[in-house]
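Architecture and fold: a report
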2 protein chains.
Amino acid sequence: MASKVLQSNYDVDYVISYRIPEDDKEAAIAQFKKLVRALAETGLTTEVRRGDETSLLLFVKISDERIFAQVVYRSRIKDWLYGVRQIQPRGDPAEALGAEPLTDAERHRHVHHMICFSREEGGAGITPNHGEWKNVEAVFPLQDHVKNKKWLTEFSSKTFLNPEDLDDIRDTVGEKIGYYYAFLQTYFSFLIFPAAFGFSCWVLLGNFSAVYAVVNGLWCVVFVEYWKRQEQELAIRWGVKNVSAIEAKRREFEPERVATDPVTGEKVAYFPAKKRILRQLLQIPLALLCVVALGTVICTCYAIEIFISEVYNGPLKSILVFTPTIILTLAVPAISNYLTQFAEKLTFYENYETQEAHDRAMISKVFVINFITSYTAIFLTSFVYVPFASLLVPYLDVLSLTVKPFAENEKQMQTPSPAAFSINPNRLRNQMIYFAVTAQVVNFAMETVVPVLTQKGTKKYKEMQSSRAEKSGGTAPSVSANDPPEEKEFLTRVREEAALPEYDVTSDLREMCIQFGYLALFSVIWPLTPVSYFFNNWLELRGDTFKLTVECRRPNPVRADSIGPWLDSLEFLAWLGSITTAALVYMFSGGNGPDGKPHTIKLWALLLSVFFSEHIFLVVRVLVRSAISKLDSAAMRKERSERFMVRRKFLEEAGLADAIKPLTASPNSPLQDESGSQAFASITKETLEDDARRDSLSSSDPADRFWRRQRTWTETEKVGLTLIELMDVGGAKSKKQQ
Amino acid sequence: MASKVLQSNYDVDYVISYRIPEDDKEAAIAQFKKLVRALAETGLTTEVRRGDETSLLLFVKISDERIFAQVVYRSRIKDWLYGVRQIQPRGDPAEALGAEPLTDAERHRHVHHMICFSREEGGAGITPNHGEWKNVEAVFPLQDHVKNKKWLTEFSSKTFLNPEDLDDIRDTVGEKIGYYYAFLQTYFSFLIFPAAFGFSCWVLLGNFSAVYAVVNGLWCVVFVEYWKRQEQELAIRWGVKNVSAIEAKRREFEPERVATDPVTGEKVAYFPAKKRILRQLLQIPLALLCVVALGTVICTCYAIEIFISEVYNGPLKSILVFTPTIILTLAVPAISNYLTQFAEKLTFYENYETQEAHDRAMISKVFVINFITSYTAIFLTSFVYVPFASLLVPYLDVLSLTVKPFAENEKQMQTPSPAAFSINPNRLRNQMIYFAVTAQVVNFAMETVVPVLTQKGTKKYKEMQSSRAEKSGGTAPSVSANDPPEEKEFLTRVREEAALPEYDVTSDLREMCIQFGYLALFSVIWPLTPVSYFFNNWLELRGDTFKLTVECRRPNPVRADSIGPWLDSLEFLAWLGSITTAALVYMFSGGNGPDGKPHTIKLWALLLSVFFSEHIFLVVRVLVRSAISKLDSAAMRKERSERFMVRRKFLEEAGLADAIKPLTASPNSPLQDESGSQAFASITKETLEDDARRDSLSSSDPADRFWRRQRTWTETEKVGLTLIELMDVGGAKSKKQQ
């Protein structure tokens, strides 16, 4: 029975969870009425049930498949107009729908549009958590538990997902998430090479090997460029090419004024680009703020840690050493959260017209923040601590305050003289190992394990609460009190799903980009990094699937033809890698690296190696790019041929397919008066002048006379030959000699 | 009378000059017959006249405007299919042509296609100077002398061309040349700023001022990015957007095999991309060859010159100094010519399918060659001579051989000791002045004055020859012997035009790019450079117009939506400029530069300044690019609106324009059974369960039962409200207290 209920979703297309706020119930009721009506008007059937204590669940279903067919048809026409699909959809909507049945994702996408698009775009205009609809807490489809089970079992049993799996994912949760999986998959399989190579380097050459650096850099370029191509192929395979051209309007966009378009006569919401650019300039102070805020925290913690671990030698050292790390793990997320909110505000203020532009702007900011939080520490170690430690450490005694309470005497906190001090050569490697292994594991735990526990916990807590309430004869009956018995199971499931968070694919993408960053920038420190990432990512994909299917609401399918701005981040990181890697190799290769005394590093040599490595990188990138762009693929050939077919079809319809048409089309074709040419038996120099004279009388217009001299192409031919005769070229001479 | 004849071109659309080769006349005659027939079959009327001694002039005219209308119509449909034009051409060809009359350029383009396109594409398949048509020497339209006069007078009287002038150029000679003029115009007007700024820098700060360097770099970025945008706007204005998508097949393309496309069933000429890439790898040895061949020549001449000018102090020095320069001016063009031919061969070998790809590949090679020939010398001065002269000069005594014959004693040729030697501080500046002024003047003379003289000369010579021939009772009568008297003047004119060379716009574009290069790379040496270029380019534009209209045949109009690969060259040069300029400024600013002794230059400082300048440049470029890309223009808005119109039109035709359609469309609209709601007077907790039970009997399918509970949206509403009542939120409580 359970499985049966799991299987059936009662044909529910979508669920809307509507929250009744404590404060003004009346308004909520009025709004609820509007909601139901709006949905009905858009062609959706509704059923309402009790949600949790203070919310309703509104189940939504297409009321009439014919209406839905219309919706789909319209969107397909739109796709065609925007060049997303080659073939123009014809015939009547219903049969068009029959011809190309919808995937779950597509059906969900259309229903979601019907609920959330503005009236002008043919939707009910519901904007969850925004404006008048702030009570609409969530709009989501129901999980397909059968498929989920299938995925979880299948994926965990195989190493690589095959294209069909990716298609399946895309068919179920839409292209955007499909692209994430495809990317993760490609990245994972690409990692095999550096993993293998890195391992052998680690065995044979040890850390900081130039060979590894070069190969790794090359690999980064090839991977990024290859993925770009992969994206295009997927776009063709999934029929979402150019889909980004269809820009979904942002409902939050606030136009400066509504102008009437001179051409179309449409009302256009207008916001001056210059004004926006000015607002975007605020990103610079924001970036600076990030650098300062996070930078200072990280640097101080870093300094304290150095001081305690390498200067302080009093009691409790073993414990004190961890304090800065703890401070970091507490402070950094808090700060970056705050900054992210700040960035969000700014992005809203920048006021983009399309959702895509908005996300793009937001992501770029997020990237900056993450870049700082992720890489600052290791940057400090490799480019500050290692070269300059012996100079800087003496100035750390200000930090002695931090350990004063514990120290027994001054000596324990005395900073050594530059000469005496020697850096900890393993520090950098250990740090890298931390980022490559420990951090990944922790991250995975935070991402997948913790949520499950918390969910379980809260569930337990609620149950206890309600039971206690009942004991104490509380008035509130359980929410499931008047569920129809047969629906009980189903409704509890839906209530649980409604309580789950949204699945945010961007955060997963971000994670992967940051990881790629470590690989590109610092993996030369410890060549086993790719190995660890290889295994981690196998787990990552399964973990994300678990998250997607169990720990989150089913996402609203979104179309996409790329992983978006993250691609730029990848390119940037690969580029930066060519710089850092060169620097690291120069400083550390040969022996166990510098001794923390700058004089051992020749700045010119460092810069020179960086200069060369960077520019070689850029040249190689150009070459790889052009090479890949020239390679042709089956998918692309197919697409081209389809294009061609469409065009030919049109030309045929326009009756212009056959090339030599003009001739047959023309009534007085020059070829028809072959016969007429008989009149001109032999044309000589004299006769030429004769008909010249003759014609000159007939017409006054010189142009006319010019074109009348040779009436048909045969005449032209003859005259031509005579003229050739007159020429004194080899042939002619020989004739004369006769 | 003269002017009258000048004006009328006797309605001639095109002229084909057909050469009768000395060797096999018979074949030529046969081929001539084929030619005339082919033209006739394509729907072209022909008139033949005598050309020069051994050639014919075949005058071509559209035989039937209706045929032509068809040709135009077909090409317009094609444009529409490729997204070049928004609106689909409708109605019958003739009226379509009436609705949008053709410009001269367009008419010529179509006629040219009719002559030169393959049969499949609806042309006569004539390929001048190639294959069976190698006797077809030229296919060209006739100059419009009235317009030419107008241009020459107008342009020389005004400083800036206005958009109308550019449109006029485009309407007469096609978009490709139109783009060149637009570019030259934009470049010219942009030069005002650096010219003014450079002048003031020269006055106030002297040479090698960092300020100038920064501003100049910034200017380069802005100019290149602005031009990119300008290109797009012109493409919209001239209706050639995406025109590069319509790829004209190369007739010379040799497919490896002809495969049948699985989708279209078409025969497709196929050449494997991998194979081509392999062939393209030959570009690397070619590039090396260029470097070596040109490099050595230039370097040796350079060394010799140094030796003579700064070591040798014997007799004839003043003369000998010029010998290397003379050698250069003779050798370099020869070598680069040879290399260019080589490059051409290679490009043919690379065997591209489309003309565009072919040109692109060729241009990139040409750019490499020109880069070396143009910049090597000055690179040597700034980065070899200036820093290392004192070390290198002693080794120059091998060159003493070159002057041995002239020297009276060894002393005159003795190289000084590094200590004794001091470099010529003005050398670099003088060299720059040469490139900025002298070279430009010389170039202009070579380009415009010399051809005129040579033409005049040859004409004279021919006349003398013929007259001598007549004196000596030669057999050959003058070619114009049997021209009809009234045509004499016209025909002589055509003969002259036929004798003229083709106008090659790429060479002019190349010239401008190289000039831009000097500006970006080295103008910091002598801030007056932009001033000189500013004036030069005013002249340049007029000179090119003279060349285009008087010294060349009228070109075959070609469509384009960009200046093509040169844009990349510009970007590259600007980038490189950020490096060289920084280096120059570091080395020379402050005092009169280094003394030729390297120790005075700190390599690390040099590299550091380069590193920063380059990366700041790149960041700035990103910013400028995004800023410009965000700026909206009237043209683009207009285009967008047109797109929108087209789309809306389609949706309307598909009867899907109005958004709320679904509702009205649906027969059993949920709104219609408002009335039915009366049945449910008051719904209480109990009744809810009642009809739950009742329904549960009626149907077996749980889903059915689920959706039957609330028959209409009004019921949903009511049930919702009851459920809200049941909730224990603020409102509810207050009720209870009553």
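Residues numbered from 1 in each chain as written. Chains lettered and ligands numbered in written order. Predicted model: local features only at pLDDT ≥ 70, side-chain atom pairs only at ≥ 80, totals over all residues. Heavy atoms only, no water.

Focus on helix 26 (residues 713–726) of chain B
Residues and elements named next belong to chain B. Note the cut-off: Helix and strand labels come from DSSP, where a helix needs a run of H or I of at least four residues and a strand needs a run of E of at least two; each type is numbered from the N terminus. A helix is expected to span 1.5 Å for every residue after the first. Accessibility here uses a 1.4 Å probe with only protein chains present; expressed as a share of the type maximum, an area under 20% marks a residue as buried, one over 50% as exposed, and anything in between as partly exposed.
The end-to-end C-alpha separation of helix 26 is 20 Å, in line with the 20 Å expected for 14 residues at 1.5 Å each. Burial within helix 26 is extensive, with ten of its 14 residues counted as buried. Restricting attention to buried positions, one finds in helix 26 the residues Trp713, Thr714, Glu715, Thr716, Glu717, Val719, Gly720, Thr722, Leu723 and Ile724.

Structural notes on the relation of the copies chain B and chain A
Definition in use: To line up the copies, we fit them by least squares on C-alpha atoms, keeping just the residues with pLDDT of at least 70 in both. Residue contacts are counted whenever heavy atoms from the two residues lie within 4.5 Å of one another.
When chain B is fitted to chain A, the residual RMSD is 0.1 Å, and the transformation amounts to a turn of 180° plus an axial shift of 0.0 Å. Taken together, the rotation angle and the small translation identify this as a two-fold axis. Residues of chain B ranked by C-alpha distance from the rotation axis are headed by Trp604(B), positioned 1.9 Å from it. When the interface residues of chain B are mapped onto chain A, 99% of them again fall at the interface, so both copies present the same face.

Regarding a negative patch on the surface
Filter applied, for reference: Two joining distances apply to patches: 9 Å for like charges and 5 Å for nonpolar side chains (Val, Leu, Ile, Met, Phe, Trp, Tyr), and every residue must have over 30% relative accessible area and no salt bridge. Accessibility throughout is a Shrake-Rupley quantity obtained with a 1.4 Å probe, and a residue counts as covered only by protein chains that appear here. Think of a salt bridge as a Lys or Arg side-chain nitrogen and an Asp or Glu carboxyl oxygen that are within 4 Å of each other. In this tally Asp and Glu are treated as negative and Lys and Arg as positive; neither His nor the chain ends contributes. A charged residue contributes its charge at one atom only: NZ of Lys, CZ of Arg, CG of Asp or CD of Glu.
Together, Glu22(A), Asp23(A), Asp24(A) and Glu26(A) make up a negatively charged patch on the protein surface. In this structure, Asp23(A) sits in the loop between strand 1 (14–19) and helix 2 (25–42).

So, the packing of helix 18 (residues 505–522) of chain B against helix 19 (residues 529–551) of chain B
Residue and element names in this part refer to chain B. Which entries qualify depends on this criterion: Angles shown run from 0 to 180 degrees and are taken between the N-to-C directions of axes, each axis being a line fitted to C-alpha atoms and, for helices, limited to the stretch in contact. An angle below 35 degrees is treated as roughly parallel, one above 145 as roughly antiparallel, one from 65 to 115 as roughly perpendicular, and anything else as oblique. Amino acids are sorted into nonpolar (Ala, Val, Leu, Ile, Met, Phe, Trp, Tyr, Cys and Pro), charged (Asp, Glu, Lys and Arg) and polar (every other residue, Gly among them).
As a packed pair, helix 18 and helix 19 sit with axes 12 Å apart at the nearest point and diverge in direction by 180°. As far as their axial angle goes, helix 19 and helix 18 are roughly antiparallel. Residues Asp508, Glu511, Met512, Gln515, Tyr518 and Leu519 of helix 18 pack against Thr529, Pro530, Tyr533, Asn536, Asn537, Glu540, Asp544 and Lys547 of helix 19. Class assignment of the residues belonging to the contact of helix 18 with helix 19 gives a composition of five nonpolar, four polar and five charged.

Overview of the UniProt feature "domain: Anoctamin alpha-beta plait" (unreviewed entry) in chain A
Convention followed: UniProt positions are given in the numbering used here, feature names are shortened, and annotations may be inferred rather than shown by experiment.
Per the UniProt annotation, the sites labelled "domain: Anoctamin alpha-beta plait" (unreviewed entry) are residues 11–136 of chain A. Taken end to end, residues 11–136 of chain A comprises 44% helix and 17% strand; its first and last C-alpha atoms sit 22 Å apart.

Quick word on the nonpolar core
For soluble globular proteins, the rule of thumb is that nonpolar side chains tend to be buried together. Under the convention used in this document: Residues belong to one nonpolar core when they are buried, are Ala, Val, Leu, Ile, Met, Phe, Trp, Tyr or Cys, and are joined through side-chain atoms within 4.5 Å.
Residues Phe516(A) and Phe516(B) are the most contacted members of the largest nonpolar core, which totals 246 residues. The contacts of Phe516(A), once residues within four sequence positions are left out, are Tyr187(A), Trp219(A), Cys220(A), Phe223(A), Val224(A), Leu570(A), Leu573(A) and Ala574(A).

Concerning the domain arrangement of chain A
All names here are of chain A. Here is the rule: By convention here, the domain bounds are inherited from an automatic or database domain assignment. Values labelled buried area give the accessible surface lost by two parts on being combined, using a 1.4 Å probe and summing over both. Residues adjacent in sequence count toward polar contacts only when both atoms are side-chain atoms; beyond that, a polar contact is any pair of N or O atoms within 3.5 Å, and within protein one must be able to donate a hydrogen and the other to accept it.
Domain parsing of chain A yields domain 1 (4–142) and domain 2 (144–242 + 524–659). On a C-alpha basis, the centroid separation for the pair domain 1 and domain 2 is 35 Å. The interface of domain 1 with domain 2 comprises 22 residues on the first partner and 25 residues on the second. Both sides of the domain 1 and domain 2 interface together cover about 2000 Å² of buried area, and 51% of this is carbon and sulfur. Aspartate 79 is the partner of arginine 559 in a salt bridge, and the nearest nitrogen-oxygen pair spans 2.9 Å. In this assembly, domain 1 and domain 2 are joined by seven residue pairs in polar contact (both at pLDDT 80 or more). Elements with a minimum of two residues in the side of domain 1 that touches domain 2: helix 1 (2–7), helix 5 (104–116) and strand 4 (136–140).

Overview of the sheet that holds strand 3 (residues 55–62) of chain A
Formally: Strand pairing follows a simple DSSP-based rule, namely that at least 2 bridges must link the two strands.
The four strands lie next to each other as 2-3-1-4 (chain A), forming an open sheet whose pairing is antiparallel. The sheet is open, and its two borders are formed by strand 2 (44–50) and strand 4 of chain A, each paired with just one other strand. Sheet twist, expressed as the mean angle between neighbouring strand axes with direction ignored, is 20°. Against the sheet, helix 26 of chain B contacts strand 2 and strand 3 of chain A, and its axis sits at roughly 20° relative to strand 2 of chain A.

Observations regarding the packing of helix 14 (residues 355–392) of chain B against helix 20 (residues 566–588) of chain B
Residues and elements named next belong to chain B. For the pair helix 14 and helix 20, the least separation of the axes is 12 Å and the interaxial angle reads 5°. Relative to helix 20, the element helix 14 is oriented roughly parallel. The residues of helix 20 that touch helix 14, namely those facing Arg360, Ile363, Phe367, Phe371, Tyr375, Phe379, Ser382, Phe383 and Val386, are Trp566, Asp568, Ser569, Phe572, Leu573, Leu576, Thr580, Ala583, Leu584, Met587 and Phe588. In terms of residue class, the contact of helix 14 with helix 20 is made up of 15 nonpolar, three polar and two charged.

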